[in-house]
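Coordinate inspection notes
Below, each chain spelled out in residue letters.
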Amino acid sequence: MKAKAFLAVAVALMLMVACSSKKSSDKDIITTDYVAPKPTEPIAMDADVQSQQIEWVEGRSYQVKVSRTAADSLAMVSNELGQKYIDNVIAVEVKRADESVFFHRSFTKRSFAAWLDADYQQKAILQGMRFQRVEDGVLEFVAWVNYPTSGDDEAVELKMCISPQGEVSIQPFSEDERDDLRLQQDEEA
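So, a few notes on the structure that sits alongside this text. Every value quoted in this text rests on a predicted model; they were computed, and no experiment measured them.

Criteria and thresholds
Residues numbered from 1 in each chain as written. Predicted model: local features only at pLDDT ≥ 70, side-chain atom pairs only at ≥ 80, totals over all residues. Heavy atoms only, no water. 1 Å grid on protein atoms, 1.4 Å probe; cavity = no way out; pocket = protein on both sides within 12 Å on 5 of 7 lines; lining within 4 Å. Points joined across faces, edges and corners; volume = space filled by probe spheres on them. Pairing = 2+ DSSP bridges. Helix = DSSP H or I, 4+ residues; strand = E, 2+ residues; numbered from the N terminus. Axes fitted to C-alpha atoms, helices over the stretch in contact; angles between N-to-C directions. Buried < 20%, exposed > 50% of the residue type's maximum accessible area, 1.4 Å probe, protein only. Contact = heavy atoms within 4.5 Å. Salt bridge = Lys/Arg side-chain N within 4 Å of Asp/Glu carboxyl O.

Side note on the layout of surface pockets
Taken as a whole, the largest pocket spans an internal volume of roughly 210 Å³. Lining the largest pocket are Leu-74, Ala-75, Met-76, Val-77, Asp-87, Thr-108, Lys-109, Arg-110, Ala-113, Leu-116, Gln-121 and Gln-122.

Here it is in C-alpha cells:
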C-alpha cells in the first residue's frame, strides 16, 4: 500500500513537472481587443456651389445656381458608432438675364420626406442636388438623400422640377429615367 501511494505521488510530481516545463503555444499568439473608433466632432460636408447658364422660356438666358451648405440648425444624424453628421441645406436660385431673381428656395431633407422611409428620415442626410436639364419646358434637378458613410448605390435619388410659373414638384425617377441618369453619371466620371 505504501508503494502504491509512493508511486501515485511520484506520477503526480512527474506530471506537474512535465506540464510546467511544456511551452505554452498561447504565448506566441498575439491577441488584441477590438476597439471601435471613438466619435469625433460632428462631420460636415464641404460647401459646394454649381452655376450654369441655360436657355429656358422662349429661348431666354437664365442662370441656375445650386448651393450646398452644412446647417448646424438642422438635427444631426448619427451612424452605428455614434459619429454625428451635420445635415445640409441646398439653395436653388434661378436668375433672369437682367439678374432679377425668378426663383429662390432652400431645401432640406424634410422637403423630400414624402419619398423617404423612417430610417432615411432619421439616419440620412440631404447629400446633394444638381441641375440636370430643361425637359418639356421645366427645369429638372436630381436630389439625393443618403446615409453619410454609404456609397452612391444606396442613395434615394429624386427628381425635382421647377415650372415656368415657379411651381415645384418632386417625384421618384422612373426606371428609364434612372437608367439614363446612371449613363449620364458614368459619362461625367
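Having put the structure on the table, let's press on.
Here we look at the sheet that holds strand S1 (residues 48–55)
Strand order in the open sheet made by the four strands is S1-S2-S5-S6, with antiparallel pairing throughout. The sheet is open, and its two borders are formed by S1 and strand S6 (101–107), each paired with just one other strand. Across the sheet, the axes of successive neighbouring strands diverge by a mean angle of 10°, strand direction being ignored. Of the strand pairs in this sheet, S1 and strand S2 (residues 61–70) are connected by eight bridges, and their pairing is antiparallel. Among the inter-strand pairings, Glu-55 is bridged to a residue of S2, identified as Ser-61.

A short note on the environment of Glu-140
Along the polypeptide, Glu-140 turns up in strand S8 (residues 138–146). Since its relative accessible area comes to 6%, Glu-140 is described here as buried. Along the primary structure Glu-140 and Arg-130 are separated by 10 residues, whereas in three dimensions their C-alpha atoms are 8.8 Å apart. Contact partners of Glu-140, with chain neighbours within four places excluded, come to Phe-131, Gln-132, Arg-133, Glu-135, Lys-159, Met-160 and Cys-161.

Section: the sheet that holds strand S10 (residues 168–172)
Strand pairing in a sheet relies on backbone hydrogen bonds, with the paired strands running either antiparallel or parallel. Read across the open sheet, the four strands follow the order S7-S8-S9-S10; overall the sheet is antiparallel. Pairing within the sheet leaves two strands with one partner each, and these edge strands are strand S7 (125–135) and S10. Between one strand axis and the next, the sheet turns through 25° on average, direction left out of account. By the bridge criterion, five bridges tie strand S9 (residues 156–162) to S10 in an arrangement that is antiparallel. Residue Met-160 lies in a different strand from S10, and its bridge partner there is Ile-170.

Comments concerning the pattern of salt bridges
All chains considered together, the criterion is met by seven salt bridges. In this structure, Lys-123 and Asp-119 form a salt bridge, with 3.2 Å as the shortest nitrogen-oxygen distance. Remark: Asp-119 and Lys-123 occur in helix H2 (residues 118–123); sequence separation between them is four residues, near one turn of the helix. A residue is classified by how much of its surface remains accessible, and Lys-123, at 40% relative accessible area, is partly exposed. Several salt bridges converge on common partners, so that one network encompasses Glu-93, Lys-95 and Glu-99.

Function-wise, these values are silent; they only describe arrangement.
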